Amino acid sequence: MKKALLAATLVASALTASLVAAPAATAASGRDGRDGRDAIPFTEAAVTAGADGSYTLTWNAKGTARVAIKANGKVVAKGGAQGRAVVKGLPAADRQWFDFTPERGERLRLADRHIALEGTANFRDAGGYRTTSGQWVKMGEIYRSDALNKLTANDLAKLRRLRVKTVFDLRTQDERTKDADQVPAGARYVVADVFAGSPSFQTLPKSPDEAVKSMIDAEKTMVSGDGGKKAYTRVFEGVRSDRGRAVLFHCTAGKDRTGWANATLLTALGVPRETVMADYLASNDYRKAANEAILSHLPAAQAAVYKPLLDVRPEYLNSGYDEVKATYGTFDRYLKDGLGIDARELKEMKRDLLVG
């Protein structure tokens, strides 16, 4: 039964979906009380790759009259403080980067968040989001993903070019044994088993309500269970200490254990809660085809039980935040007492991973 549950909840398949852009944020002044003239003026900006090789660029940069966007050193779009442009005909690349350059203030460098690989569905950049302070999380530094056991030679070569240096495997021993990771040459492989010693997912729920409860309980275990605390401590020690970047963390579906890791990172960096939630829920889009394929092969009653296990839902992530509050009182206290990240280390992490 346990294997059946894991198969239902954690199997992934190829899927390309549109980028989930960060929700609009209120314009903020620069750091340390500055007037913001030297900071990044963009309150919104996103790159969305199309299936036809085009890129849709959107932006909002209050306080500046003109914005120019470059790719490969050439201007590919221009506009005013707010705009949208579709760019076509760019040369093929592992990732196409765009420099959003305002008339005043710092530029912002972005790419499409989804990384297209042959052997994964839910491989994404953790960055590209705006914080409440008006800074932005760097892209190209930290990645999140589903299982890596089906990576092809082309995928591994791409990950080497993306300079993936450390891979954190959040899966159980059974998962790791059954579907061993394919890791790019030269990368450090680290086991960080979130459910080590946990009873989560030992039995199959008998109803949709039981399935929802099992997901909520599992999220709480990620926060306060010994395995979860040890695993995420190991991940964030790696994020803080690896200056060579990039760091990759993953589980099997890239949605629950990986989802909490990314939610913790973004929250620690100051990304608004609604943006964190949007990033978390994006797994429903990236995994849509795989989930529908699984459910289509099940009897209706069984599919109704399995669907909550395949989904990510707001109540799942919120149960993690609720557990933080119940166990630690505040998120900063969770970082310090649960994951060993004190105020000084958090400041250093922000300095390293934020721009603007």
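For the structure itself, consult the block above.
Residues numbered from 1 in each chain as written. Predicted model: local features only at pLDDT ≥ 70, side-chain atom pairs only at ≥ 80, totals over all residues. Heavy atoms only, no water.

Chemist: So what about the packing of helix α11 (residues 314–328) against helix α12 (residues 331–338)? Which residues, and what values?
Modeler: Taken N-terminus to C-terminus, the directions of α11 and α12 make an angle of 70°; their axes are 9 Å apart at the nearest point. Compared by their axis directions, α11 and α12 come out roughly perpendicular. Mapping the contact onto sequence places Y321, V324 and Y328 in α11 and F331, R333, Y334, D337 and G338 in α12. Residues that form the contact of α11 with α12 fall into these classes: 5 nonpolar, 1 polar and 2 charged. (Axes fitted to C-alpha atoms, helices over the stretch in contact; angles between N-to-C directions. Helix = DSSP H or I, 4+ residues; strand = E, 2+ residues; numbered from the N terminus. Parallel < 35°, antiparallel > 145°, perpendicular 65-115°, else oblique. Contact = heavy atoms within 4.5 Å. Nonpolar A, V, L, I, M, F, W, Y, C, P; charged D, E, K, R; others polar.)

Chemist: Account for the layout of surface pockets, with residues named and values stated.
Modeler: Looking at the second largest pocket, its volume works out to about 400 Å³. Around the second largest pocket sit 20 residues that line it, and A49, Y55, D94, D112 and A116 are the ones nearest its centre. Here the residues of the lining of the second largest pocket are counted per class, giving 11 nonpolar, 5 polar and 4 charged. (1 Å grid on protein atoms, 1.4 Å probe; cavity = no way out; pocket = protein on both sides within 12 Å on 5 of 7 lines; lining within 4 Å. Points joined across faces, edges and corners; volume = space filled by probe spheres on them.)

Chemist: Explain the nonpolar core to me, and be specific about the residues and the numbers.
Modeler: L170, Y232, V235, W260, L317, F331 and Y334 are the most contacted members of the largest nonpolar core, which totals 51 residues. Elements represented by at least two residues in this core include exactly α4 (208–224), α5 (226–241), β13 (247–250), α6 (257–269), α7 (273–281), α11, α12 and α13 (343–353). Of the residues forming this core, the biggest block, 7 residues, is contributed by α6. In terms of nonpolar packing, the next biggest core, distinct from the first, is built from 22 residues, I40, A45, L57 and F100 among them. (Core = buried A, V, L, I, M, F, W, Y, C linked by side-chain atoms within 4.5 Å. Buried < 20%, exposed > 50% of the residue type's maximum accessible area, 1.4 Å probe, protein only.)

Chemist: Which residues make up the packing of α6 against α13, and what values go with them?
Modeler: α13 packs onto α6 with a crossing angle of 95° between their chain directions and a minimal axis gap of 10 Å. The orientation of α6 relative to α13 falls into the category roughly perpendicular. Of the residues in α13, those in contact with L265, A268 and L269 of α6 are L346, M349, K350 and L353. The class makeup of the residues in the contact of α6 with α13 is 6 nonpolar, no polar and 1 charged.

Chemist: Lay out the pattern of salt bridges with the relevant residues and their values.
Modeler: All told, the structure shown has 21 salt bridges when counted by the stated rule. R333 serves as the salt-bridge partner of D337, at 3.6 Å between the closest nitrogen and oxygen. Separated by 4 residues within a single helix, D337 and R333 lie in helix α12, roughly one turn from each other. You can call D337 partly exposed: its relative accessible area is 45%. Given the relative accessible area of 38%, R333 is considered partly exposed. (Salt bridge = Lys/Arg side-chain N within 4 Å of Asp/Glu carboxyl O.)

Chemist: For the sheet that holds strand β10 (residues 142–145), give the residues involved together with the corresponding values.
Modeler: Read from one edge of the open sheet, 5 strands run β8-β10-β13-β11-β12, paired in mixed fashion. Of all the strands in the sheet, the pair left with one neighbour each is β8 (124–125) and β12 (188–191). (Pairing = 2+ DSSP bridges.)

Chemist: Account for the packing of aromatic side chains, naming residues and giving values.
Modeler: Given two aromatic rings, their pairing is described by the distance between the two centres and the angle made by the two planes. Tallied over the entire structure, the rule returns 9 aromatic pairs. Ring plane angle 40° and centroid distance 5.5 Å describe the contact between F123 and Y143, whose orientation is recorded as tilted. Highlighted residues: F123 in the loop between β7 (108–110) and β8 and Y143 in strand β10, separated in sequence by 20 residues. Exposure class is identical for F123 and Y143. Each is buried. Between the aromatic rings of Y328 and Y334, the centroid separation amounts to 5.3 Å while the plane-to-plane angle is 55°, which identifies the pairing as tilted. For the pair formed by Y328 and Y334, the shared burial category is buried. (Phe/Tyr/Trp six-rings, centres within 6.5 Å; stacked < 30°, edge-to-face > 60°.)

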